[in-house]
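Coordinate inspection notes
The residues making up each chain are set out below.
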Amino acid sequence: MNLKYLLSSIFLGVILLVGCSNNGDSNKDANEESKIEENESEHVNNEETDDKEDESTDDQENNKDTENKTDDSTNEDDLNNDKEETEHHDNNMDEDYTFNVTEDGNQVIVEVGAITFIYPNTFSETIAESQLFPTFEIANADQTIIINAAVEQLPMKMTPEEYISIASSNYGIEYEEVSMKTNANGIEFTEVITEQTGIKVNQRIIIVDNTAYIFSYASASYEENLNIYDQIIDSIDIN
């Protein structure tokens, strides 16, 4: 089998993506329902307290009415804040992640979402933006080096470590190494290394504005060509 297609199939199994969004949406919905139920419960309790204290003095009733209005106002503010956060998240989920490619001498500059990265123009690219998550794959001439960049918008705020943990649980992936590193531009990323069908796969995850950018690398000569992957990761910058 052509190494390009073999590595591409490995990436599809390792890229981690779909489970994070689905589980995140479910948790988010459950949390929102819980908040609404808590607010309704507080409102009911306030009404029961009002009935029990009907025989209080006029001054006490006035004070209690003021407190109830304050509680109601607070609850309304909380619900409005939750609604604004939900609307903000929904608007972000509509963002279009397009890979904008520009050739500059002997290198190619790619801009997607909040980041840019650079790779040698000796590599050819394959772009797939219409699938569940956009991907950008590059390969050298003899297809012995494959580097894949994928983008996933996350349903909630999470760290790269949390992202990896969810993916590992969902897909049963066991990582040989997990470490935190920083590229040449001072951007932190998490590196995970696993082995699939005898081929070592290196993934580096950067999260910016609730969006995960997952870079994956595999090669027939892993150690020999790792510096090319390192150079691409070092070129990553935030727009």
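Residues numbered from 1 in each chain as written. Predicted model: local features only at pLDDT ≥ 70, side-chain atom pairs only at ≥ 80, totals over all residues. Heavy atoms only, no water.

1. A look at the overall build of the protein
- Helix and strand counts for the protein stand at five helices and eleven strands.
- Contacts in the protein between residues at least 24 apart in sequence constitute 57% of all its contacts with a sequence separation of at least 6.
- With an accessible surface of roughly 13,400 Å², the protein has 43% of that area assigned to carbon and sulfur atoms. (Helix = DSSP H or I, 4+ residues; strand = E, 2+ residues; numbered from the N terminus. Contact = heavy atoms within 4.5 Å. Areas by Shrake-Rupley, 256 points an atom, 1.4 Å probe, with all protein chains shown as cover.)

2. Remarks on the pairing of strand β6 (residues 145-153)
- Across the nine residues of β6, nine count as buried, placing the element largely inside the fold.
- Neither face of β6 is exposed, since I145, I147, A149, V151 and Q153 on one face and I146, N148, A150 and E152 on the opposite face are all buried.
- The sheet contact formed by strand β5 (residues 135-139) and β6 spans five bridges and is antiparallel. Opposite I138, over in β6, you have I147 as the bridge partner. (Buried < 20%, exposed > 50% of the residue type's maximum accessible area, 1.4 Å probe, protein only. Pairing = 2+ DSSP bridges.)

3. Considering the nonpolar core
- Counting residues in each nonpolar core, the largest one holds 31 residues, and the members touching the most others are F117, Y119, Y213 and F215.
- Among all residues touching F215, those that are not within four sequence positions of it are I115, F117, N148, A149, N202, Q203, R204, Y229, I233 and I236. (Core = buried A, V, L, I, M, F, W, Y, C linked by side-chain atoms within 4.5 Å.)

4. Structural notes on helix α5 (residues 222-235)
- The first and last C-alpha atoms of α5 sit 20 Å apart over 14 residues, in line with the 20 Å expected at 1.5 Å per residue.
- Within α5 the residues assigned to the buried category are Y222, N225, L226, I228, Y229, I232, I233 and S235. (Expected span 1.5 Å × (residues − 1).)

5. Examining the sheet that holds strand β1 (residues 100-104)
- Spatial ordering of the open sheet is given by β1-β2-β3-β11, a layout of four strands whose pairing is antiparallel. Of all the strands in the sheet, the pair left with one neighbour each is β1 and β11 (237-238).
- Bridge analysis of strand β2 (residues 107-112) against strand β3 (residues 115-120) gives six bridges, and the strand direction is antiparallel. Looking across to β3, one finds that V108 is bridged to Y119.

6. Notes on the pattern of salt bridges
- Tallying each qualifying case throughout the model produces three salt bridges.
- Residue K181 is joined to E191 by a salt bridge in which the shortest nitrogen-to-oxygen separation is 2.9 Å. One end of the pair, K181, is in strand β7 (residues 177-182); the other, E191, is in strand β8 (residues 188-196), and ten residues separate them in sequence.
- Measuring nitrogen to oxygen at the nearest pair gives 2.9 Å for the salt bridge that ties D230 to R204. Pair noted here: D230 is in helix α5 and R204 is in strand β9 (residues 199-208), with a separation of 26 residues, a long-range link.
- When its relative accessible area of 27% is taken as the criterion, D230 is described as partly exposed.
- Ionic contacts of the salt-bridge type, sharing partners, join the residues K181, E191, R204 and D230 into one network. (Salt bridge = Lys/Arg side-chain N within 4 Å of Asp/Glu carboxyl O.)

7. Topic: the confidence of the model for the protein
- Residues at a pLDDT of 70 or more form 59% of the protein, whose mean pLDDT is 74.
- Mean pLDDT per element in the protein: helix α2 (residues 17-52) is the minimum at 48, and β3 is the maximum at 97.
- Overall, residues 21-30 carries pLDDT values under 50, and its contacts beyond four positions in sequence, including any with other chains, amount to 13 contacts.
- Contacts from residues 82-94, a stretch scored under 50 in pLDDT, to residues over four places away or in other chains number ten contacts. (pLDDT = per-residue confidence, 0-100.)

8. Observations regarding the environment of A139
- Within the secondary structure layout, A139 lies in strand β5.
- Overall, the relative accessible area of 3% leaves A139 in the buried class.
- Leaving out residues up to four positions away in the same chain, A139 has contacts with F123, S124, I145 and I146.

9. Points about the pairing of β1
- Looking at chain direction, β1 and β2 are connected through five bridges and run antiparallel. Across the sheet, residue N100 finds its bridge partner in β2, namely E111.

10. What to know about the packing of aromatic side chains
- Using the criterion set out here, one finds six aromatic pairs in the structure.
- On the numbers, 5.2 Å between centres and 35° between planes, the contact of F99 with F136 is tilted. Placement of F99 in the loop between α3 (58-93) and β1 and of F136 in strand β5 is noted, with a sequence separation of 37 residues between them.
- Of the residues examined, F99 reaches a relative accessible area of 5% and is grouped as buried.
- Classification of F136 by relative accessible area gives buried; the value is 1%.
- In this arrangement the basic side chain of K200 is found over the ring face of Y222, its NZ or CZ atom lying 4.9 Å from the centre. (Phe/Tyr/Trp six-rings, centres within 6.5 Å; stacked < 30°, edge-to-face > 60°. Lys NZ or Arg CZ within 6 Å of the ring centre and 35° of its normal.)

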